[in-house]
Amino acid sequence: EVRRSDEAPLVAGVESGLPGANGAAGTGDGVSDNKQIKIDAEIKDAGMGLLCAAVPGLQWQQGSADMTVSVSGSLAHPVADGFCHVRRATLACPWLQRPLSALQATVRLSNNVI
């Protein structure tokens, strides 16, 4: 489930127009970096798939993960908060001799800090 407020439009290509990307200070599409954003996302049971997609070589063999993230602030200064609960997970990756098993963890993200 993804919810957003209508404080600022979500437009395709915004990520390529963030400050510092291609040397641009704005989005280049008329959306000001000072526009307020609010994005809430919740991923149930399939959070490990997202984690594995973000970490090259990581393979999810079993278990589950729930993730919640909320991004607010402005395009120039986004603030992220959320958490990830991992339960009974088995993960494999090339840099480990054996898969990690029976993994349980809670990771919290608060004001852009893990």
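Coordinates for the structure precede this section.
Residues numbered from 1 in each chain as written. Predicted model: local features only at pLDDT ≥ 70, side-chain atom pairs only at ≥ 80, totals over all residues. Heavy atoms only, no water.

Visitor: For this particular structure, what's the right way to read the overall build of the protein?
Guide: Helices and strands together make up the secondary structure of the protein, namely one helix and five strands. Helices and strands appear in the protein in the N-to-C order β-β-α-β-β-β. By residue count, 25% of the 114 residues in the protein fall in the buried class. Pairs at least 24 apart in sequence give 52% of the contacts found in the protein among residues at least 6 apart. Just so you have it, the protein exposes about 7,400 Å², and 56% of that area is on carbon and sulfur atoms. (Helix = DSSP H or I, 4+ residues; strand = E, 2+ residues; numbered from the N terminus. Buried < 20%, exposed > 50% of the residue type's maximum accessible area, 1.4 Å probe, protein only. Contact = heavy atoms within 4.5 Å. Areas by Shrake-Rupley, 256 points an atom, 1.4 Å probe, with all protein chains shown as cover.)

Visitor: Can you help me understand the pairing of strand β3 (residues 59–74) in this one?
Guide: Consecutive residues of a regular strand have side chains that alternate between opposite faces of the sheet. Bridge count between strand β2 (residues 36–43) and β3: eight bridges; the pairing is antiparallel. In the sheet register, Lys 38 faces β3, and the bridge partner there is Ser 72. Relative to strand β4 (residues 78–92), β3 runs antiparallel, the two sharing 13 bridges. By the bridge assignment for β4, Trp 60 is matched with Leu 91. The hairpin turn running from β3 into β4, its antiparallel successor, is three residues long. (Pairing = 2+ DSSP bridges.)

Visitor: Which parts of the structure should I look at to understand helix α1 (residues 47–54)?
Guide: Helical periodicity: at 3.6 residues per turn, an α-helix aligns residues three or four positions apart in one direction. Of all the positions in α1, only Gly 47, Met 48 and Cys 52 are classed as buried. The buried residues of α1 all sit within an arc of 135° when viewed along its axis, so they share a single face. When the buried face of α1 is taken as reference, the exposed residues oriented beyond 90 degrees from it are Ala 53 and Ala 54. On its buried face, α1 sits against β2, β3 and β4. (Arc of directions from axis to C-beta.)

Visitor: How should I be thinking about the environment of Asn 111 in this particular structure?
Guide: Tracing the sequence through the fold places Asn 111 in the segment after β5 (100–109). Considering only alpha carbons, one finds Asn 111 and Val 71, 40 residues apart in sequence, at a separation of 9.4 Å.

Visitor: Mind showing me how you'd approach the layout of surface pockets here?
Guide: Which parts of space are left empty comes out when a probe the size of a water molecule is rolled across the atoms. Its boundaries defined by the atoms lining it, the largest pocket holds a volume of some 390 Å³. Sorting the residues of the lining of the largest pocket by element identifies β2, α1, β3, β4 and β5 as the ones contributing at least two each. Grouping the amino acids of the lining of the largest pocket by side-chain chemistry returns 17 nonpolar, three polar and one charged. (1 Å grid on protein atoms, 1.4 Å probe; cavity = no way out; pocket = protein on both sides within 12 Å on 5 of 7 lines; lining within 4 Å. Points joined across faces, edges and corners; volume = space filled by probe spheres on them. Nonpolar A, V, L, I, M, F, W, Y, C, P; charged D, E, K, R; others polar.)

Visitor: In this structure, what is going on with the environment of Cys 93? I would like to understand it.
Guide: On the secondary structure map, Cys 93 appears in the loop between β4 and β5. Looking at Cys 93, the relative accessible area reads 10%, which means it is buried. When the C-alpha atoms of Cys 93 and Cys 52 are compared, they prove to be 9.9 Å apart, with 41 residues separating the residues in sequence. Discounting chain neighbours no more than four positions away, the residues touching Cys 93 are Gly 57 and Leu 58.

Visitor: Please explain the nonpolar core as it appears in this structure.
Guide: Proteins that are soluble and globular tend to have nonpolar side chains buried together. Residues Met 48, Cys 52, Leu 58, Ala 65, Cys 84, Val 86, Ala 89, Leu 91 and Cys 93 constitute the largest nonpolar core, which totals nine residues. If you list the elements that add at least two residues to this core, you get α1 and β4. Dropping the residues within four chain positions of it, Ala 89 is found in contact with Met 48, Gln 62, Gly 63, Leu 100, Ser 101, Ala 102 and Leu 103. (Core = buried A, V, L, I, M, F, W, Y, C linked by side-chain atoms within 4.5 Å.)

So, to be careful, I would describe these as geometric facts and stop short of saying anything about function.
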